[in-house]
Amino acid sequence: MDSIGLGQETLSCSICLDLLKDPVTVPCGHSYCMSCIKSHWDKEDEKTIYSCPQCRQDFTPRPVLGKSTMLAVLVEELKKTGLQAAPADHCYAGSEDVACDVCTGRKLKACKSCLQCLISFCEKHLQPHFEPAYAKHKLVEPSKKLQENVCSRHDEVMKMFCRTDQQSICYLCSVDEHKGHDTVSAAAERSERQRELEVSRQNIRQRIQDREEGVKLLQQEVEAINGSADKTVGNSEKIFTELIRLMEKRRSDVKQQVRSQQQTEVSRVRELQEKLEQEITELKKKDAELEKLSDTEDHNQFLHDYPSLSPLSESTHSSSIKIRPLRYFEDVTTAVSEVRDKLQDVLREKWTNISQTVTEVNVLLSEPEPKTRAEFLKYSCDITLDPNTVNYDLVLSEGNKKITINGEQSYPSHPDRFTELWQVLSKESLTGCCYWEVEWIGEEIYIAVAYKNISRAGSSDECDFGRNDKSWALFCYRTYSYSFWYNNVETKISANGSDRIGVYLDHRAGILSFYSISETMTLLHRVQTTFTQPLHAGLHLEFSYTYWHLLSCPQGPPYW
């Protein structure tokens, strides 16, 4: 076969790149597998023009294909010689590939490299390495850096590692310039480094897992933030719409009342006006009669007609008509203006809280909890007690920061007032990070925080600080023993106490901490929860005693 110069490339199909199967020859002289050229032309049926895949010569109509007997015989003869199909172009090594070191001429891609032979092999030339004689040879993925494993000084494979100099060496190096150094086999060093690597990988995998959990958590936070924001916007729109409707209704009510009263008053004035005009007509008629009688020259006729004159009817004297000053409905305008001004004041006061609450939404950046009193005092806030919430038996003084029990007081009725329990809430709502201190004297006291919507009327658990899910309270007894109450569950506290208690609140982080303050700060109890509303500082008094609700300041709370 070789004598006539025929080989695989000559007898290969240019479509499938394999030896011809059922070879056929098209009119231009090129040959293909029967199935390959049929499949190729089947795709061109819509064009009605058929071309050769190699020379692009067109044929019309579609050529009738017949098996090329001679080519078939040659292909069979080629198979009998034992020659294998030549590798396709993609099997040859390119500039970026590792080439087989054994191949001559055009080299094939290497599939393995041997660390003992320091040679790379294609699949064909690698076959001897699968025999028992090569069992100890180390095969790795094809590498262009095999020569880096050879000692440049001794031209030996570097199978050892010098830990002293942290470099790979050959055996001759270990008895030469590295003599006396800490040397081990490369395999032993690899084993040690492999263990370190596994520890590092385990650490990395753990960190990946932590980060993935963090990503998942953050995604949940994004969904929660979006859901909360959407819900809040919807609720706010609903509330403001209700307010607008209420204002529209009040505007309509005022307009209707003014127009109704206008009609009533105008009707009354018109009625009196018509009556006066009627009297004027009658009086003018009477005046004409009297004038005619007065002009009579005959005395006897005058005396005869005078008695027949009808008497004057009762008159509506003008002095009985009471006219108010010319203000009419101007007072209504004044009243409406007062409502507007009060509403603006409320909006200004509450808008600060709303705006602050919005800007304080911060999922990631929670303030670190202070450690020392100086650090706590950085978060001190000015808290005053709300006169509209204080019980009738309590007295506020010193700018509503001091409270005592002193009999029933004449506070006006208010829906926010605690009617039965000796309790009071702060006027300020608390969000963000806040710190304040309470100094007390007496028998017992509850130092608390509560939502604004806690019940006020009566003495049930729904009103009592610490006995419901709307308040948290630290109970302090005169022997400086403590317990914490939430939702009517008591937690006993074992700690030395004092007559001054510090309260730290991180609303965003859901942290509420109580501290006993003397020369140092002692943590009494710490709560980690989720606050769903702004909080208010609260106090619940028991028995007869006085205490001060103090504003913390760097110089220390003042005694009033």
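In the nomenclature of an unreviewed UniProt entry, the protein is known as Tripartite motif containing 16 of Labrus bergylta.

A. How the structure looks around the overall build of the protein. Secondary structure assignment for the protein yields seven helices and 23 strands. Each of the 560 residues in the protein was classed as buried or not, and the buried ones make up 30%. A fraction of 53% describes how many contacts in the protein between residues 6 or more apart in sequence connect residues 24 or more apart. Summed over all atoms, the accessible surface of the protein reaches about 36,800 Å², with 52% contributed by carbon and sulfur.

B. Representation of the sheet that holds strand 8 (residues 160-162). The sheet built from three strands is open, its strands ordered 9-8-10 with antiparallel pairing. The sheet is open, and its two edges are formed by strand 9 (167-169) and strand 10 (183-185), each paired on a single side. For this sheet, the mean inter-axis angle between neighbouring strands, taken without regard to orientation, is 35°. Pairing geometry for strand 8 and strand 9, over three bridges, is antiparallel. Note on strand 9: the bridge partner recorded for F161 is S168. The sheet contacts of helix 4 (residues 186-294) involve strand 8 and strand 10, and relative to strand 10 the element is tilted by about 90°.

C. Here's a closer look at the sheet that holds strand 18 (residues 489-493). The strand order across the open sheet built from six strands is 13-22-15-16-17-18, with neighbouring strands paired in antiparallel fashion. This sheet does not close on itself; its edge strands, each paired only once, are strand 13 (423-425) and strand 18. Sheet twist, expressed as the average angle between the axes of neighbouring strands with direction ignored, equals 20°. Sheet topology places strand 17 (residues 482-486) next to strand 18; five bridges connect them, and they run antiparallel. Counted as the bridge partner of F484 is T491 from strand 18.

D. Looking closely at a negative patch on the surface. On the surface, D287, E291, D295, E297 and D298 cluster together into a patch of negative charge. When you line up the elements, D287 lands in helix 4.

E. Examining helix 1 (residues 34-42) more closely. Buried residues of helix 1: M34, C36, I37 and W41, and no others. Those residues of helix 1 hidden inside the fold are in contact with strand 1 (23-25), strand 2 (31-33), strand 3 (50-51) and strand 4 (58-59).

Reading guide: rules and limits
- Each chain has its residues counted from 1, running along the sequence as written.
- A pLDDT threshold of at least 70 governs which residues receive local features in this predicted model, and a stricter bar of 80 or more applies before side-chain atom pairs are shown or counted, although totals over entire chains, interfaces and linings include all residues.
- Here the side-chain values reflect all heavy atoms present in the structure, with hydrogen atoms and water set aside.
- Going along the chain from the N terminus, every DSSP run of H or I of four or more residues is numbered as a helix, and every run of E of two or more is numbered as a strand.
- Throughout, exposure labels follow a simple rule: accessible area from a 1.4 Å probe, protein chains only, divided by the maximum for the residue type, with under 20% read as buried, over 50% as exposed, and the rest as partly exposed.
- Contacts are assigned to residue pairs that have any heavy atoms within 4.5 Å of one another.
- For every accessible area listed, the method is Shrake-Rupley and the probe measures 1.4 Å; residues are considered covered only by the protein chains on display.
- Note: two strands are recorded as paired if DSSP finds a minimum of 2 bridges between them.
- An axis is simply a line fitted to the C-alpha atoms; with a helix, the fit covers only the stretch in contact. Between two such axes, the angle follows the N-to-C directions and lies from 0 to 180 degrees.
- Patches here are clusters of residues that have more than 30% relative accessible area and form no salt bridge, with a 9 Å joining cutoff for like charges and a 5 Å cutoff for nonpolar side chains (Val, Leu, Ile, Met, Phe, Trp, Tyr).
- In what follows, salt bridge is the name for a side-chain nitrogen of Lys or Arg lying within 4 Å of a carboxyl oxygen of Asp or Glu.
- Note on charges: Lys and Arg go in the positive column, Asp and Glu in the negative column, and His and the chain ends are not counted at all.
- Where a charge lies is defined by one atom per residue type, namely NZ (Lys), CZ (Arg), CG (Asp) and CD (Glu).

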